[in-house]
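Structure at a glance
The residues making up each chain are set out below.
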Protein chains: 2
Amino acid sequence: MSYQAPLREMRFVLHELFDAAAHCERLGNGLDRELIDGVLEEAAAFAAGEIAPLNRNSDEQGCQLVDGAVTTPKGFAEAYRQYVDNGWASMTGPLEYGGQGFPQLVSFAFHEMLMSASLSFRVYSGLTEGAVLALHKHGSETLRQAYLEKMVSGRWSGTMCLTEPQAGTDLALLRTRAEPQADGSYKVTGSKIFISGGEQDLSENIIHLVLARLPDAPAGVKGISLLLVPKFIAAADGTPGARNALSCGALEHKMGIKGASTCVMNFDGATGWLIGEANQGLACMFTMMNDARFQVGLQGVGIAEAAFQGALRYARERLQSRGLSGVQAADKPADPIIVHPDVRRMLLTQKTLVEGCRMLAAYTARQLDLEHGAASPEARKAAGRRAALLIPIVKAFCTDMGQEVASLGVQVYGGHGYIREWGMEQLMRDSRITQLYEGTNGIQALDYIRRKLLFDGGAELSALQAEFSALCETQLPRPVLAQMASLVQARLGEWRELSTEVIAACQRDAQEIGATSVDFLQYSAYVLLAGFWLQAAARAQDALDAGTQEVAFYQAKLDCAAFYLRRVLPRASGHREALLGGAQCLMAMPEESFAF
Amino acid sequence: MSYQAPLREMRFVLHELFDAAAHCERLGNGLDRELIDGVLEEAAAFAAGEIAPLNRNSDEQGCQLVDGAVTTPKGFAEAYRQYVDNGWASMTGPLEYGGQGFPQLVSFAFHEMLMSASLSFRVYSGLTEGAVLALHKHGSETLRQAYLEKMVSGRWSGTMCLTEPQAGTDLALLRTRAEPQADGSYKVTGSKIFISGGEQDLSENIIHLVLARLPDAPAGVKGISLLLVPKFIAAADGTPGARNALSCGALEHKMGIKGASTCVMNFDGATGWLIGEANQGLACMFTMMNDARFQVGLQGVGIAEAAFQGALRYARERLQSRGLSGVQAADKPADPIIVHPDVRRMLLTQKTLVEGCRMLAAYTARQLDLEHGAASPEARKAAGRRAALLIPIVKAFCTDMGQEVASLGVQVYGGHGYIREWGMEQLMRDSRITQLYEGTNGIQALDYIRRKLLFDGGAELSALQAEFSALCETQLPRPVLAQMASLVQARLGEWRELSTEVIAACQRDAQEIGATSVDFLQYSAYVLLAGFWLQAAARAQDALDAGTQEVAFYQAKLDCAAFYLRRVLPRASGHREALLGGAQCLMAMPEESFAF
């Protein structure tokens, strides 16, 4: 499938909605609008020209494990070399270790492009960035000196080794052991599963971040430590040194992302070093969790964009039947299927979900940047609260949406959507993992209610709602936008009431936390996207009022906003009613009565 | 994955909801309750013991095409032999050609079991049954004598050759030609795609029903004829005779149902014979269309049942985290995940959708039986109208639901759901075709609005709504059921109003047909299922009132009905609001503005 980065859309989001240049000036990273646009154009060429062409074959070929070595699909190793040599790997890395320090508000666009081009390819580098974050923040000076620069450059890669067969969502159950040695190192022993990029032929070295228990560790999650366990132990001269006692025992056979190696990793007394304090492993992991979950949410957007592009292309080319109101293309044997209202419904659902989620992701990226780089501690804290509130929504909603948009892509193709060569079904298979890893979407919803909403009694959510309410107030007086603004304002009022009810219900009965979580997250996301669509419509109307030359582009934003509010936002009503159905009807039936 | 037919559930639907024995007596086919239950028990043993074990391997192995011959997965040929030898193939066939004449209200349960066990395996025999219907009704005496008995027995199989590369939904565009010969036969030339079972190693002969154009045919769908084109031309002694000039040119590479061969079939002047009149091919196809679409809807139910069983088993075994209201299984390292409200939400959504769709399918099966076998012409016509109204809902809703339930199955398994060995992701891939073939679900929705609702101004739909209204009236006075009945009654009133609005909108603007179709079908289905759940709850309460020994079984029906009404039915609100959003916001944006 061919892919073209939606550069105009991305510039709209970056500059016209979120003023990326001013954001960069505030962060003091020296990026201006011209530089940003130049980088994104090069990024688009790299993603479309070098990565996208590898994707279809990577699915057919997959990864092979022979004698402990993993071969990635044809072209991945060469593309990864380019990715490193041209500096793409170091885009977000810290400056003092050779990184380029790009803010997320800019880098997210490049990462989305990579994910559209090949989710499998992106999986390898995405995890390295997370490992860099954890090591940079919590690692000892010695470890950072030995490993960070290589990881930032991408020449060495990183993994996250969390899951064990009996411990997935529930890390309290993990068993991997780390025994302290006289020299301050540890011997790590245990088996980890679902390790993305655990073994591969792309990077010179692989640095595993492993959760394990020290001998005297308390039970449960308070007894988990994080260790750095390299495939090759860094030598004094900076080369990969001695081979460590760890190996890839097997590759998983998966539904999709077959180009990404998913490994069983066996640690047999492998040498490792603590990152952070003993028994503080989970806290260290939390450092990268926001970033990792943001990245997975973005995978939903990337896949969805690719699926939308494929469906749109097909809908404009495929001739089948005549329009309901009469012949549209008299010179052809049938009309292109984009004339049919139901095909347009599918395409516009794709388009408004993709763009809505991209706005949500960009807004969240901006908060992540400010959390680390805002001038005052108060501003950093405020941004951190906002990002924490939004991260589970970005992760869960953007990936649920990614799956839906990919499935709509298959549907637009009809029977051809089911055929591998067309590439649409691969997007469905690839995207399905995003609803599962980095915490299933059910876990995200629990996090949203429990750690975000109940934690502060809904204060941060109220602040977010107030921001969008203020936007509605400014748009109500504008004739073109009044109807949209009042519709969004009404939903915001409904959302506020619903939040109060949900909080009260959860405080009354702990089961309500899990009974309302998924529907409340979905409800919240649909209303949030309505807010972003109003914002997009407002900026579009600004441009039209100012006499823009790009009338069609901005008019499309108004049309899409109208479609979203009329035809997609109503789903919020279903989620609201469902969650008000409460916990009792979920918990009443005894386990034994589920099947007869 | 192991599978066990839900026999108790099926008996509830067959006997307690739809009185299958009385139905059979009315049809005069000599089946009583004991015989029905005996057959279903044997059927369950066959599906679970012989077919289900083949399914996982069939996905990995797929079909192979070598020198024009197709090899099906290991075990399929032997299982098919048993399927024929033990008389399963002939269950629904007409008595005069050696069939057993089972009504659909009974056979659907067996077919659902087969689909749960292996959709790929079922695809081969399902199409033969459709071909038998068309040949039986429209074929000449000569053709029927030569082919029907063999096809009814399953020793010879049937296919439907409709689609061509340029003609899928739009059969007006098809190009395959049939040239009349002096002896009354035709030479058929053309290429067909997506032909399920077009070539295989299961049956001794393959009888293709091919849509083609005669030389003098009018353009469009009024110039399409149906021809019987056998792989081997039946010899006078009843054996497969001379090899015909047709061949399998390629197998498609698909997302799923990899055990079912999906063939490109090339007809190179192959000998064939008209079925029915020249240029009446579409009318002949319509004979089997209701049956074929019903069967595909049932595939959704079958896959969903398998996914539910897998998810339930895992949810009871998998230990992970503690319940929200405290420890549930103190003797274990963690609680089984079925204690978590959100996991229960997923399981109950699966269960109530599966059982709801099964009730809908059984109700429709009964109408299909009466359409052909009721005593009076009026009763046959009435049943035909009812079946015609429901078929697009069965096809589209049960398959959409099948995909959702399969996806929920993956979600319950967490990361393991993505791993092929667990079998859950295969169900998602296998089920995805059901939303596409036999007319995409978008086409079903158009059929529902255009040919069913607008055709009679909503009269048949009103009659159906009145039936459920009457049920509500009878249940309102019963304390346990009053709340449910009033909730369903309210929805029925809303549905009536919405139907009137939809009809008016479609008459005003043809684009509204396609703009409202999918949402209105979904809305209708959710309310219909609410009616069936009320019916199930009423029968369950009858049994409880009568002092049944199976208290847990019937109480579960009441619990499930309550869950469905409170937590699933609310989706109808979202569909209602969305379709009221109208066509204008779908059609406003010019095609060129979909991407920049």
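The rules behind these values
Residues numbered from 1 in each chain as written. Chains lettered and ligands numbered in written order. Predicted model: local features only at pLDDT ≥ 70, side-chain atom pairs only at ≥ 80, totals over all residues. Heavy atoms only, no water. UniProt positions renumbered as here; feature names shortened; annotations may be inferred. Helix = DSSP H or I, 4+ residues; strand = E, 2+ residues; numbered from the N terminus. Rg over C-alpha atoms; globule rule 2.2 N^0.38 Å. Buried < 20%, exposed > 50% of the residue type's maximum accessible area, 1.4 Å probe, protein only. Contact = heavy atoms within 4.5 Å. Areas by Shrake-Rupley, 256 points an atom, 1.4 Å probe, with all protein chains shown as cover. Lys, Arg positive; Asp, Glu negative; His and termini not counted. Charge placed at Lys NZ, Arg CZ, Asp CG, Glu CD. Least-squares fit on C-alpha atoms with pLDDT ≥ 70 in both. Salt bridge = Lys/Arg side-chain N within 4 Å of Asp/Glu carboxyl O. Core = buried A, V, L, I, M, F, W, Y, C linked by side-chain atoms within 4.5 Å. Buried area = accessible area lost by both parts, 1.4 Å probe. Polar contact = N/O pair within 3.5 Å; in protein donor to acceptor, adjacent residues only side chain to side chain. Nonpolar A, V, L, I, M, F, W, Y, C, P; charged D, E, K, R; others polar. Axes fitted to C-alpha atoms, helices over the stretch in contact; angles between N-to-C directions. Parallel < 35°, antiparallel > 145°, perpendicular 65-115°, else oblique. Left-handed = near helix turned anticlockwise from the far one by under 90°. Pairing = 2+ DSSP bridges. Phe/Tyr/Trp six-rings, centres within 6.5 Å; stacked < 30°, edge-to-face > 60°. Lys NZ or Arg CZ within 6 Å of the ring centre and 35° of its normal. Domains from an automatic or database assignment.

Chain A is annotated in an unreviewed UniProt entry as 3-methylmercaptopropionyl-CoA dehydrogenase of Pseudomonas xionganensis. Entered under Catalytic activity (unreviewed entry) in the UniProt record, the comment concerning chain A runs "3-(methylsulfanyl)propanoyl-CoA + oxidized [electron-transfer flavoprotein] + H(+) = 3-(methylsulfanyl)acryloyl-CoA + reduced [electron-transfer flavoprotein]". Taken verbatim from the UniProt record of chain A, the Cofactor (unreviewed entry) comment is "FAD".

Each helix and strand counted, chain A has 18 helices and 11 strands in total. Computed over C-alpha atoms, the radius of gyration of chain A comes to 24 Å, within 12% of the 25 Å expected from 2.2 N^0.38 for 596 residues, which places it in the range of a compact globule. Projecting the C-alpha coordinates of chain A onto the three principal axes gives extents of approximately 80 × 65 × 60 Å. Split into buried and exposed, the 596 residues of chain A put 65% on the buried side. Nonlocal contacts in chain A, meaning residues at least 24 apart in sequence, comprise 73% of its contacts between residues at least 6 apart. Carbon together with sulfur atoms contributes 52% to the accessible area of chain A, which is approximately 19800 Å² in total. Looking at charge distribution, chain A has the averaged site of its 54 positive side-chain charges lying 3 Å from that of its 66 negative ones.

Turning our attention to the relation of the copies chain A and chain B. The operation linking the two copies of the chain is a rotation about an axis combined with a translation along the axis. Placing chain A over chain B gives an RMSD of 0.0 Å and needs a rotation angle of 180 degrees, together with 0.0 Å of translation along the axis. Both copies are brought into coincidence by an operation consistent with a two-fold rotation axis. By C-alpha distance to the rotation axis, the residue of chain A lying nearest is Gly574 of chain A, at 2.4 Å. A high fraction, 99%, of the interface residues of chain A reappear at the interface in chain B, so the copies pair face to face through one surface.

With that out of the way, let us pick up the pattern of salt bridges. All names here are of chain A. Counted under the stated rule, the structure contains 72 salt bridges over all chains. Glu305 is the salt-bridge partner of Arg358, the closest N and O atoms lying 2.8 Å from each other. Taken together, the positions of Arg358 in helix H9 (residues 341–373) and Glu305 in helix H8 (residues 281–317) put the pair 53 residues apart, joining distant regions of the chain. Considered together, Arg358 and Glu305 belong to a single accessibility category, that of buried residues. Through salt bridges that share partners, Arg56, Asp59, Glu60, Arg420, Glu425 and Arg429 make up one connected network.

Another point: the UniProt feature "domain: Acetyl-CoA dehydrogenase-like C-terminal" (unreviewed entry) in chain A. UniProt's entry tags residues 467–590 of chain A with the feature "domain: Acetyl-CoA dehydrogenase-like C-terminal" (unreviewed entry), counted in the numbering of this structure. Taken end to end, residues 467–590 of chain A has its terminal C-alpha atoms 44 Å apart, with 85% of it in helix and 0% in strand.

The topology assignment puts Asp216 of chain B in the loop between strand E6 (205–212) and strand E7 (225–230). Each C-alpha atom of the pair Asp216 of chain B and Glu179 of chain B lies 9.6 Å from the other, and the pair is 37 residues apart in sequence.

With that settled, the discussion passes to the nonpolar core. Note on soluble globular proteins: their nonpolar side chains tend to be buried together. Core analysis: the biggest nonpolar cluster contains 419 residues, and Met113, Phe520 and Tyr564 of chain A together with Met113, Trp495, Phe520 and Tyr564 of chain B have the highest contact counts within it. Considering every element that reaches this core, the biggest residue donor is helix H15 (residues 511–545) of chain A, with 21 residues. Excluding anything up to four places from it in sequence, Met113 of chain A contacts Tyr3, Ala5, Leu7, Met10, Leu40, Ala43, Ala44 and Ala47 of chain A.

Glancing now at the interface of chain A and chain B. Contact with chain A, which involves 100 residues of that partner, is made by 99 residues of chain B. Approximately 8600 Å² of surface area, both sides summed, lies buried where chain A meets chain B, with 59% of it carried by carbon and sulfur atoms. For the salt bridge of Asp519 of chain B with Arg567 of chain A, the shortest nitrogen-to-oxygen distance reads 2.9 Å. Seen at the junction of chain A and chain B, the total is 56 residue pairs in polar contact (both at pLDDT 80 or more). Broken down by element, the residue count for the side of chain A that touches chain B peaks at eight residues, all from helix H16 (residues 551–568) of chain A. Residues of the side of chain A that touches chain B, tallied by class, amount to 46 nonpolar, 26 polar and 28 charged.

Moving on to the packing of helix H1 (residues 7–17) of chain A against H9 of chain A. Residue and element names in this part refer to chain A. Relative orientation of the contacting elements H1 and H9 amounts to 40 degrees, with a least axis distance of 11 Å. With respect to each other, H1 and H9 are oriented oblique. Along this stretch, H1 crosses H9, giving a crossing that reads as right-handed. Counted together, Glu9, Met10, Val13 and Leu17 of H1 and Lys351, Glu355, Arg358, Met359 and Ala362 of H9 form the full contact between these two elements. Partitioning the contact of H1 with H9 into residue classes produces five nonpolar, no polar and four charged.

All right, on to the pairing of strand E9 (residues 240–243) of chain A then. Regular strands have side chains that alternate between both faces of the sheet. Bridging between strand E8 (residues 232–234) of chain A and E9 of chain A involves two bridges; their strand directions are antiparallel. Looking at the pairing, Ala234 of chain A lines up with Pro240 of chain A of E9 of chain A.

Residues and elements named next belong to chain B. In the structure shown here, the tally under the stated rule is 46 aromatic pairs over all chains. Geometrically, the ring pair formed by Phe397 and Tyr526 is edge-to-face, given 4.9 Å between the ring centres and 85 degrees between the ring planes. With Phe397 in helix H11 (residues 377–412) and Tyr526 in helix H16 (residues 511–545), this pair connects stretches of sequence that are 129 residues apart. Each member of the pair, Phe397 as well as Tyr526, carries the same accessibility label: buried. One Lys or Arg, Lys150, reaches over the ring of Trp156 and ends 5.0 Å from the middle of that ring. Of note, Arg243 hangs over the ring of Phe232, and the distance from its end group to the ring centre comes to 5.6 Å.

Looking now at unusual backbone geometry. Residues and elements named next belong to chain A. Of note, the phi angle at Asp19 is positive, near 40 degrees, even though the residue is not glycine. Of note, Asp19 is situated in the loop between H1 and helix H2 (20–27). Unlike most non-glycine residues, Asn279 shows phi in positive territory, near 70 degrees. Relative to the helices and strands, Asn279 resides in the loop between strand E11 (262–275) and H8.

Attention now moves to the domain arrangement of chain A. Residue and element names in this part refer to chain A. Taken domain by domain, chain A consists of domain 1 (7–134), domain 2 (157–280) and domain 3 (457–585). At the interface, 23 residues of domain 1 touch 21 residues of domain 2. Of the roughly 1900 Å² buried between domain 1 and domain 2, counting both surfaces, carbon and sulfur atoms make up 71%. When the area that domain 1 buries against domain 2 is broken down by residue, the three leading residues are Val70, Tyr124 and Leu127, summing to 28%. Our count for the domain 1 to domain 2 interface comes out at zero salt bridges. Elements with a contribution of two residues or more to the side of domain 1 that touches domain 2: helix H3 (33–61), strand E1 (64–66), strand E2 (69–71), helix H4 (76–85) and helix H6 (119–138). The element that contributes the greatest number of residues to the side of domain 1 that touches domain 2 is H6, accounting for nine residues. Here the residues of the side of domain 1 that touches domain 2 sort into 13 nonpolar, nine polar and one charged.

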